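Notes for the structure review
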Amino acid sequence: EAAVTQSPRNKVTVTGGNVTLSCRQTNSHNYMYWYRQDTGHGLRLIHYSYGAGNLQIGDVPDGYKATRTTQEDFFLLLELASPSQTSLYFCASSPTSNQDTQYFGPGTRLLVL
Amino acid sequence: GDSVTQKQGQVTLSEDDFLFINCTYSTTTYPTLFWYVQYPGQGPQLLLKVTTANNKGISRGFEATYDKGTTSFHLQKASVQESDSAVYFCALVMSNYNVLYFGSGTKLTVEP
């Protein structure tokens, strides 16, 4: 079973704060994704990557940066956090681009005061 | 653009009831369709995958069917159990990067 871990699991920050969410997968998957989950919206894609150094923009990228430093590690950066970014964030990975299963981490709950 | 609509926000059933959740989609071609399930405190996990080749998938007592004519796909189970209580998401993938488009989710509560 593919393993995806996220840290921290919970985070509280203030408006204007700087937050980094971390994701690691240890299954040599090429593709990694960041989603946010909000009631009534399901999961919405923020950024994704198909390899170290690569970054692609998702559907809701405003206010977020991301960086894929290695095949295993994908980071989501909120440099000036706003209350609208209070959400549950999930990272996922998949081995290929061919309509493959995505494996999700346990999520990070972020509260921006 | 591509989209997925899942109108049933909440469904409450009793054990052994029949479950039916429907999704509709809008794309220009025939996508691969997925059902993901999310248990409390966890990330979503794959329940079923349905391709244009097979039109149907079965897993853990759940069945997913794809109707290209009405651009809809649904999830059903003949007899739900309390342990099936979870949020169910339909999703489709269209792009070359395996990007998933999710519906808004259906929260299923099964009462004993």
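Data block above holds the structure.
Quick summary incoming for the structure in this document.

The rules behind each value
Residues numbered from 1 in each chain as written. Chains lettered and ligands numbered in written order. Predicted model: local features only at pLDDT ≥ 70, side-chain atom pairs only at ≥ 80, totals over all residues. Heavy atoms only, no water. Helix = DSSP H or I, 4+ residues; strand = E, 2+ residues; numbered from the N terminus. Buried < 20%, exposed > 50% of the residue type's maximum accessible area, 1.4 Å probe, protein only. Pairing = 2+ DSSP bridges. Axes fitted to C-alpha atoms, helices over the stretch in contact; angles between N-to-C directions. Core = buried A, V, L, I, M, F, W, Y, C linked by side-chain atoms within 4.5 Å. Contact = heavy atoms within 4.5 Å. Polar contact = N/O pair within 3.5 Å; in protein donor to acceptor, adjacent residues only side chain to side chain. Buried area = accessible area lost by both parts, 1.4 Å probe. Salt bridge = Lys/Arg side-chain N within 4 Å of Asp/Glu carboxyl O.

**Overview of unusual backbone geometry**
Cis peptide bonds are those with omega within 30 degrees of zero, and the linkage from serine 7 of chain A to proline 8 of chain A qualifies with -10°. By the secondary structure assignment, proline 8 of chain A is in the loop between β1 (4-7) and β2 (10-13). For serine 28 of chain A, which is not glycine, the phi dihedral falls at a positive 60°. The topology assignment puts serine 28 of chain A in the loop between β3 (19-25) and β4 (31-38). Judged by its relative accessible area of 51%, serine 28 of chain A falls in the exposed class. Unusually for a residue other than glycine, arginine 60 of chain B sits at a positive phi of about 50°. Along the polypeptide, arginine 60 of chain B turns up in the loop between β6 (56-59) and β7 (62-67).

**Some details on the sheet that holds strand β8 (residues 73-78) of chain A**
Residues and elements named next belong to chain A. Overall, antiparallel pairing links the four strands, which are arranged β1-β3-β8-β7 in an open sheet. The two strands at the open ends of the sheet, each matched to only one other strand, are β1 and β7 (65-68). Here the strands of the sheet are splayed against their neighbours by 15° on average, with no regard to which way each runs. Pairing between β3 and β8: six bridges, direction antiparallel. Its bridge partner lying in β8, valine 19 is registered against leucine 78.

**A few points about the nonpolar core**
If you look at the biggest cluster of nonpolar residues, it comprises 26 residues, and the most contacted ones within it are Trp35, Leu47, Leu75 and Tyr88 of chain B. Looking at this core, the elements that each hand over two or more residues are β2 (10-14), β3 (19-26), β4 (32-38), β5 (45-50), β7, β8 (72-77), β9 (86-93) and β11 (106-111) of chain B. Sequence-distant contacts of leucine 75 of chain B, that is, excluding residues within four places in its chain, are made with Leu19, Phe20, Ile21, Trp35, Leu47, Leu48, Phe62, Glu63, Ala64 and Tyr88 of chain B. Listed in part, the 18 residues of the second largest apolar core include Tyr35, Leu43 and Phe90 of chain A together with Phe89 of chain B.

**Considerations on the pairing of β3 of chain B**
Residues and elements named next belong to chain B. Across the two faces of β3 the burial differs, with Leu19, Ile21, Cys23 and Tyr25 buried and Phe20, Asn22, Thr24 and Ser26 not buried at all. Pairing between strand β1 (residues 3-5) and β3: three bridges, direction antiparallel. Its bridge partner being in β3, valine 4 is matched across the sheet by tyrosine 25.

**As for the environment of threonine 108 of chain A**
Residue and element names in this part refer to chain A. With respect to the helices, strands and loops of the structure, threonine 108 is situated in strand β11 (residues 108-112). Using a relative accessible area of 0% as the deciding quantity, one classes threonine 108 as buried. Residues threonine 108 and leucine 80 lie 28 residues apart in sequence; the distance between their C-alpha atoms is 18 Å. Threonine 108 has contacts with Gln6, Ser7, Pro8, Arg9, Leu21, Ser87, Leu88 and Tyr89, leaving out every residue within four places of it along the chain. From its side chain, threonine 108 meets the backbone oxygen of proline 8 in a polar contact 2.5 Å long.

**Regarding the interface of chain B and chain A**
Of the residues lining the interface, 22 residues belong to chain B; the matching set on chain A comes to 26 residues. Here chain B and chain A share an interface that buries about 1800 Å² over both sides, 53% of which is from carbon and sulfur atoms. Between chain B and chain A we count zero salt bridges in total. The tally of links from chain B across to chain A stands at two residue pairs in polar contact (both at pLDDT 80 or more).

Taken by themselves, the reported measurements are silent on function.
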